[in-house]
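Residue-level listing of the chains:
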Amino acid sequence: MTSNNLSTCCITGTLHEGEPKGTIQDIENISTYITHPSTSTQTATKKAILLLTDVIGHRFLNAQLLADQFAAAGYVVVMPDLFTGDSVPLNRPEGFQIMEWAKGHQPAHTDPIINTALKYIRSTLGCERVGGVGYCFGGKYVARFLKVDGGLDVGYSAHPTMMTAEELAGVEGPFCVAAAQHDPIFSAEKRRESEEILGKKDQPWQISVYSDVEHGFAVRGDPTVRRVRFAKEQAFQQAVAWFGEYL
């Protein structure tokens with residue numbers, strides 16, 4: 001694997017503050033958070049972002065606020081429930097076996113949800129280009145769906161988990177990653193392995209490492225800690241710049 005399995009760092013963090021602007025809708029019985037650009041920023045209506053969450057899921061306030069930020073940057077954002085109602089509450093008590101939970105959320109379960117969301121984005125919404133954003137759990141699936149045959153056109157992931165070398169080697173579009181310096185899942189060794197794989201491909205790629213932060217910082221980091229807040233904000237701007245260039 002180019003990133004290790006899920007661990008306790010994937011379910012811990014800080015709940016942020018804010019008021020979501022999007023709505024929860026059903027897409028073929030898949031609960032989905034959808035948020036649109038405001039009229040003043042609606043310059044990319046034919047471009048969308050499919051946001052694939054960490055294990056806390058699409059009803060997690062932090063994830064909804066991030067989706068709204070991408071919408072404010074000019075994109076329609078679609079964020080489906082990847083877990084069919086079985087997401088993991090933030091800061092589960094010690095003893096929760098996340099890899100046991102993960103047995104019910106493998107590609108065979110998750111891929112069809114993403115395919116349905118992509119079909120909705122391209123057909124119902126009429127979007128011509130789709131960027132994928134994947135946090136933690138979702139990062140693996142950005143790599144899986146970054147394909148030229150109707151999948152994602154451009155990809156971004158922050159602190160991905162469970163991504164295999166084969167999945168990363170199979171990406172067929174521009175791909176970038178925001179990584180934490182202190183991350184047992186996407187460690188320095190795994191980052192170097194990822195660089196070697198991406199370096200062999202004839203397409204744009206980027207891996208940026210943010211100092212003195214931990215796994216999950218881009219979604220669940222504590223905004224009252226200055227260095228964490230700065231890293232989170234910069235990781236978001238990294239994604240916006242990437243999509244601005246390639247999407």
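In the block above lies the structure referred to throughout.
Overview of the structure. A quick note: this is a predicted structure, and the numbers were derived from the prediction, not measured. (Residues numbered from 1 in each chain as written. Predicted model: local features only at pLDDT ≥ 70, side-chain atom pairs only at ≥ 80, totals over all residues. Heavy atoms only, no water.)

1. Some details on the nonpolar core
Inference 1: Core analysis: the largest hydrophobic core is formed by 82 residues, its most contacted members being L6, L50, F70, Y135, Y156 and F243.
Inference 2: Not counting residues within four places of it along the chain, the set of residues in contact with F243 comprises I49, F70, Y75, G131, G132, V133, V154 and Y156. (Core = buried A, V, L, I, M, F, W, Y, C linked by side-chain atoms within 4.5 Å. Buried < 20%, exposed > 50% of the residue type's maximum accessible area, 1.4 Å probe, protein only. Contact = heavy atoms within 4.5 Å.)

2. Regarding the pairing of strand 4 (residues 76-80)
For a regular strand, side chains alternate in direction, first toward one face of the sheet and then toward the other.
Inference 1: For strand 4, the tally of buried residues reaches 5 of 5 residues, placing the bulk of the element in the interior.
Inference 2: Side-chain alternation along strand 4 places V76, V78 and P80 on one buried face and V77 and M79 on a second face that is also buried.
Inference 3: Here 4 bridges tie strand 2 (residues 30-35) to strand 4, and the two strands are oriented antiparallel to one another. Bridge pairing in strand 4 places T32 opposite P80.
Inference 4: Across 3 bridges, the pairing between strand 3 (residues 47-52) and strand 4 is parallel. Paired with I49 across the two strands is V77, which belongs to strand 4. (Helix = DSSP H or I, 4+ residues; strand = E, 2+ residues; numbered from the N terminus. Pairing = 2+ DSSP bridges.)

3. Topic: the packing of aromatic side chains
Inference 1: Summed over the entire model, instances satisfying the criterion amount to 10 aromatic pairs.
Inference 2: Geometrically, the ring pair formed by F83 and W101 is tilted, given 5.3 Å between the ring centres and 55° between the ring planes. Of this pair, F83 sits in the loop between strand 4 and helix 2 (98-102) while W101 sits in helix 2; the two residues are 18 residues apart in sequence, bridging distant segments of the chain.
Inference 3: Judged by its relative accessible area of 0%, F83 is buried.
Inference 4: Between F83 and F137, the aromatic rings sit 5.0 Å apart at their centres with planes inclined by 65°, giving edge-to-face as the arrangement. Of this pair, F83 sits in the loop between strand 4 and helix 2 while F137 sits in helix 4 (residues 137-145), and the two are 54 residues apart along the sequence.
Inference 5: Taking the relative accessible area as the measure of exposure, F137 reaches 0% and is therefore buried. (Phe/Tyr/Trp six-rings, centres within 6.5 Å; stacked < 30°, edge-to-face > 60°.)

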